[in-house]
Amino acid sequence: MNFLNLPFTAWAEMALLFLFLAATARPVGLYVSAVLSGKKTFLTPALGRIEHLFLRAAGPEARREMTWRRYAGSVLAFAFGGFLVLALILRFQSFPSLPPDQIFNIAVSYITNTNFQTFSPELTLTAATQMAGIAVQNFLSAAMGLCVFAVLARSLAASKATEVGNFWRDLVRIVLYILLPLSLLLAVALLSQGVVQTFGQTLDVTMLEAQTQQTLVTGPVASQAAIKLLGSNGGGYYAANAAHPFENPTPLSNFMGLFAICLLPIALPFTFGRMIGKPRQGTMLLAVMLILFVPLLLFCLTAEQTGNPILTALGVTQLHGNLEGKELRFGASNSALWTSLATATANGSTNASIESFMPLASLVPLVFIQLGEVIFGGVGSGLYGMLVYTMLAVFVAGLMIGRTPEYLGKKIGVFEIQMASLVILIPALATLIGTAIAVSLPEGTKAVYAGSHQAFSEILYAFSSTSNNNGSAMGGLVTSTSFYNVILGLCMIAGRFGVILPVLAMAGSLASKTSVPQDKGTLDTTSPLFIFFLVVSIVLVGFLTFVPTLLLGPVAEHLHL
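Note that the coordinates shown come from a computational prediction; the quantities given were computed from them, not determined experimentally.

Student: An account of the overall build of the chain is needed here, citing residue identities and associated values.
Tutor: Per the secondary structure count, the chain includes 20 helices and four strands. Along the longest, intermediate and shortest principal axes, the C-alpha atoms of the chain span 75 × 55 × 45 Å. Here the chain, with 561 residues, has 60% of them falling under the buried criterion. Of the contacts formed within the chain by residues at least 6 apart in sequence, a portion of 79% connects residues at least 24 apart. For the chain, the accessible area works out to roughly 22,000 Å², and carbon and sulfur atoms hold 68% of it. Counting 27 positive and 23 negative side-chain charges, the chain places the centres of these two groups 18 Å from one another.

Student: Explain the packing of helix 6 (residues 127-157) against helix 14 (residues 381-401) to me, using residue names and the numbers behind them.
Tutor: One can describe the packing of helix 6 onto helix 14 by two numbers: an axis separation of 8 Å at closest approach and a directional angle of 35°. Each of Gly-145, Val-148, Phe-149 and Leu-152 in helix 6 lies in contact with helix 14, whose residues at this interface are Ser-381, Leu-383, Tyr-384, Leu-387 and Met-391.

Student: Any details on the pairing of strand 1 (residues 202-206)? Residues and values, ideally.
Tutor: Here five bridges tie strand 1 to strand 2 (residues 213-217), and the two strands are oriented antiparallel to one another. Its bridge partner lying in strand 2, Asp-204 is registered against Thr-215. Turn length for the strand 1-strand 2 hairpin, with the two strands adjacent in sequence and antiparallel, is six residues, and the turn residue Ala-210 shows positive phi of about 65°.

Student: Lay out a nonpolar patch on the surface in plain terms, naming residues and giving numbers.
Tutor: Taken together, the side chains of Ile-310, Leu-311, Leu-314, Val-316 and Leu-561 define a hydrophobic patch exposed on the protein surface, amounting to about 430 Å² of accessible area. Examined against the element boundaries, Val-316 turns out to sit in the loop between helix 11 (309-313) and helix 12 (331-344).

Student: Would you mind going over the confidence of the model for the chain in detail, with residue names and values included?
Tutor: The predicted model of the chain has a mean per-residue pLDDT of 92, with 99% of residues at 70 or higher. Across the chain, element-level confidence peaks in helix 7 (residues 167-192) with a mean pLDDT of 97 and bottoms out in strand 1 with 85.

Student: Describe the environment of Ala-447, and please don't skip the residues or the numbers.
Tutor: Considering the arrangement of structural elements, one finds Ala-447 in the loop between helix 16 (442-445) and helix 17 (452-467). It is 32 Å that separates the C-alpha atoms of Ala-447 and Asn-254, two residues lying 193 residues apart in sequence. The residues touching Ala-447, leaving out its near neighbours within four places in the chain, are Gly-476, Leu-477, Val-478 and Tyr-484.

Student: Would you mind going over helix 13 (residues 359-370) in detail, with residue names and values included?
Tutor: Compared with an ideal rise of 1.5 Å per residue, which puts twelve residues at 16 Å, helix 13 spans 16 Å between its outermost C-alpha atoms and is within 8% of the ideal. Most of helix 13 sits inside the fold, with twelve of its twelve residues counted as buried. Note on helix 13: the residue one or two positions beyond its end, Gly-372, has a positive phi of about 90°.

Student: Tell me about the pattern of salt bridges, residues and numbers included.
Tutor: With the rule as written, the count across this model stands at nine salt bridges. In this structure, the salt-bridge partner of Lys-326 is Glu-304, at a minimum N-O distance of 2.6 Å. With a gap of 22 residues between them, Lys-326 in the loop between helix 11 and helix 12 and Glu-304 in helix 10 (residues 279-306) connect regions that are remote in the sequence. Overall, the relative accessible area of 10% leaves Lys-326 in the buried class. Here Glu-304 falls in the buried class, since its relative accessible area comes to 0%. It is possible to trace a salt-bridge network through shared partners that takes in Glu-61, Arg-64 and Arg-70.

Student: Mind laying out the packing of aromatic side chains, listing which residues take part and the relevant values?
Tutor: Evaluated as defined, the whole model comprises 14 aromatic pairs. Taking 5.0 Å as the distance between ring centres and 70° as the angle between the ring planes, the aromatic pair formed by Phe-167 and Trp-168 counts as edge-to-face. Taking the ring centre of Phe-92 as reference, the NZ or CZ of Arg-91 above it sits at 5.1 Å. Positioned over the ring face of Tyr-177 is Arg-173, at 4.9 Å from the centre of the ring.

Student: Outline the state of the cysteines, supporting the account with residue identities and numerical values.
Tutor: A complete count under the given rule lists zero disulfides for this structure. Cys-262 supplies the cysteine sulfur nearest to Cys-300, a cysteine that is in no disulfide, at a spacing of 14 Å.

Student: Go over the side chain of Arg-496 with me, naming the residues and quoting the values.
Tutor: With respect to the helices and strands, Arg-496 occurs in helix 18 (residues 482-511). A polar side-chain atom of Arg-496 sits 3.3 Å from the main-chain carbonyl oxygen of Thr-112. Apart from residues no more than four positions distant in its own chain, Arg-496 is found in contact with Thr-112, Asn-113, Ser-141, Met-144, Gly-145, Ser-381, Tyr-384 and Asn-469.

Student: Describe unusual backbone geometry, with residues and values.
Tutor: A positive phi angle, close to 55°, is found at Ser-232, a residue other than glycine. Note on placement: Ser-232 falls in the loop between helix 8 (221-230) and helix 9 (251-276). For Ser-232, a relative accessible area of 0% puts it in the buried group. The backbone of Asn-241 sits at a positive phi, close to 55°, despite the residue not being glycine. Along the chain, the position of Asn-241 falls in the loop between helix 8 and helix 9. Residue Asn-241 is classed as buried on the basis of its relative accessible area of 6%.

Student: Which residues make up helix 7, and what values go with them?
Tutor: At 3.6 residues per turn, the α-helix brings residues three or four places apart onto the same side. Counted at 1.5 Å a residue, the expected span for helix 7 with its 26 residues is 38 Å, and the 36 Å between its end C-alpha atoms agrees. The largest bend along helix 7 reaches roughly 35° and is located at Val-175. Structurally, the start of helix 7 carries an N-cap: the backbone nitrogen of Trp-168 is 3.0 Å from a side-chain oxygen of Asn-166. At the C-terminal side of helix 7, Gly-194 shows a positive phi close to 100°.

Student: Now, about the packing of helix 1 (residues 8-36) against helix 12: what can you tell me, with residues and values included?
Tutor: Angle between the axes and distance between the axes are the two parameters that describe a pair of packed helices. Across the interface, helix 1 lies against helix 12 with an axial gap of 10 Å and an inter-helix angle of 35°. Once helix 1 is placed against helix 12, the crossing between them reads as right-handed. Residues Ala-10, Glu-13, Met-14 and Leu-17 of helix 1 touch helix 12, and the partners they reach there are Ser-333, Asn-334, Leu-337 and Leu-341.

Student: I'd like a description of the environment of Pro-442, backed by residues and values.
Tutor: Positionally, Pro-442 belongs in helix 16. Taking the C-alpha atoms as reference, Pro-442 lies 46 Å from Ile-178; in sequence the two are 264 residues apart.

The rules behind these values
- Note on numbering: residues in each chain are counted from 1, in written sequence order.
- Where local features are concerned, this predicted model is filtered to residues with pLDDT of at least 70; where side-chain atom pairs are given and counted, the filter is 80 or more; whole-chain, interface and lining totals use all residues.
- The side-chain quantities take in all heavy atoms of the structure and omit both hydrogens and water.
- To qualify as a helix, a DSSP run of H or I must reach at least 4 residues; to qualify as a strand, a run of E must reach at least 2; elements of each kind are numbered from the N terminus.
- Relative accessible area decides the class of each residue, using a 1.4 Å probe on protein chains only: under 20% of the type maximum gives buried, over 50% gives exposed, and in between gives partly exposed.
- In this analysis, two residues are considered to be in contact whenever any of their non-hydrogen atoms come within 4.5 Å of each other.
- Here the accessible surface of atoms and residues is derived via Shrake-Rupley with a 1.4 Å probe, and residues count as covered only by protein chains that are part of the display.
- We score Asp and Glu as negative and Lys and Arg as positive, and we do not count His or the chain ends.
- Charge positions are represented by NZ for Lys, CZ for Arg, CG for Asp and CD for Glu.
- An axis is simply a line fitted to the C-alpha atoms; with a helix, the fit covers only the stretch in contact. Between two such axes, the angle follows the N-to-C directions and lies from 0 to 180 degrees.
- DSSP-based pairing: two strands are paired if at least 2 bridges between them are found.
- Nonpolar side chains (Val, Leu, Ile, Met, Phe, Trp, Tyr) within 5 Å and like charges within 9 Å form the patches, drawn only from residues with over 30% relative accessible area and no salt bridge.
- Note on definitions: salt bridges are taken to be side-chain nitrogens of Lys or Arg within 4 Å of carboxyl oxygens of Asp or Glu.
- pLDDT expresses, on a scale from 0 to 100, how confident the predictor is about each individual residue.
- One fewer than the residue count of a helix, multiplied by 1.5 Å, yields its expected span.
- A pair of aromatic rings is counted whenever rings of Phe, Tyr or Trp (Trp by its six-membered ring) have centres within 6.5 Å, and the orientation is called stacked for planes under 30 degrees apart, edge-to-face for over 60 and tilted otherwise.
- Lysine and arginine charges are scored as sitting over a ring when NZ or CZ, respectively, is within 6 Å of the ring centre and within 35 degrees of the ring normal.
- The disulfide criterion is simple: two cysteine sulfur atoms within 2.5 Å.
- Whenever two N or O atoms come within 3.5 Å, that pair is a polar contact, provided that in protein one can donate a hydrogen and the other can accept it, and provided that, for residues adjacent in sequence, both atoms are side-chain atoms.
- Axes are fitted to the seven residues ending at a residue and to the seven starting at it; the angle between these axes is taken as the bend at that residue.
- A crossing counts as left-handed when the near helix is turned anticlockwise from the far one by less than a right angle, and as right-handed when that turn is clockwise.

What follows is the structure, encoded as structure tokens:
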């Protein structure tokens, strides 16, 4: 495969996308740091009174600083409350009632920011449910990830502190000052491109072929698509997601979607650098992300652009790459670009069928997911995942050179490494154990209609996606069964809160420590050598865990073409 054979349009789109991101990521990151630090912003005159009213309604609890345990308890209580509210909305919506296992899966999916859809939203949910249930959780679950990131960043900057912030204050400020304004701007931009925004009216139209009638479902699509993209949610208003012409009608709306998916995840390293007072640390983390991302992206693009070797052997010319499962409006290269970015950022949305990707191309989004949200990652969750790997790399490097491991002046001890191990192991165990159970039971295997290698890939992808907070799916696996609704829901809970709680515990431990002055012997965590060491650590710990499963799935399927 030769990535130089990619079409000019693919290179031009990527160049333009990263040019826009380079111009906007730093200003947005600095603005987010001001919000998370409780400082006034240019929106304070307009939104300050609303913020005050919300915090006043929350009561005295919103004015107290919290320990990490109290913060974690607030996160869990809020998530459980969101689960109950969403479950009740789903139970009593005007559509025919859903089975309990489906309600459980949907509610868990959206409160955990996973948005893995085992259903067709336009056929299963009313417009009111989409607005009052799904869209609301899209905001709140994304804000929760940013809250946890803010705690970890503040803890690294603090010295001998017992409190890590206030969850309710962080939540209100993130929604009011970050997610709502950005979503409003993007929704208006999407409306200008023809994205649908109604209260759920249906349209009966006459088809050109055979003059048959078809009912088209509309709804509040633009507003939900905006937060779906910006908040690393991914679940679309339609089952076809961003391939649906009502949700993504033009090349410009598609470009807006790509930009929105990346904006906050790429801006947050700048946020981190400003919050700890060391901008080079944020730049280092972004450099590591790009080093891991770019080669895998080019590999995916090339695999799709090369086309299907079976068709090539039959003499079929595939100038435009593998077009199976693609929207011709976007083509093979753009579909591979969207899927790579959406899985690297834990967004999970898609404008093509991942099941129809070439085996080696589908391997790339699997790797992005299985690395555990460290390449860009979700809103907040990606960066605290990368920081966990950074502290692990510092610990190993310290042992290698015979010095006490330190990161940003904080000694990394046994407790921090234990928590880091949980962050890495829990999603991996949920993925591997869930896949093993599914391929061993008839309830798991009878839901797949593809051949053996493709079937294994689809099951592996579903458990990787749910356990690592992504939400995308290959599509060939029928997950709307009681077995998959329950087991995938449990994986989503483990993959979300099994990571958040150790990160908060780690933050509490770091905040209580005294910052140690750095000297000439301190490991430079912004040097090219450390960047290389961190990349190697992520590959060895994150990637090699799943190599056997990748060999059994996408690689074996490629070899059997």
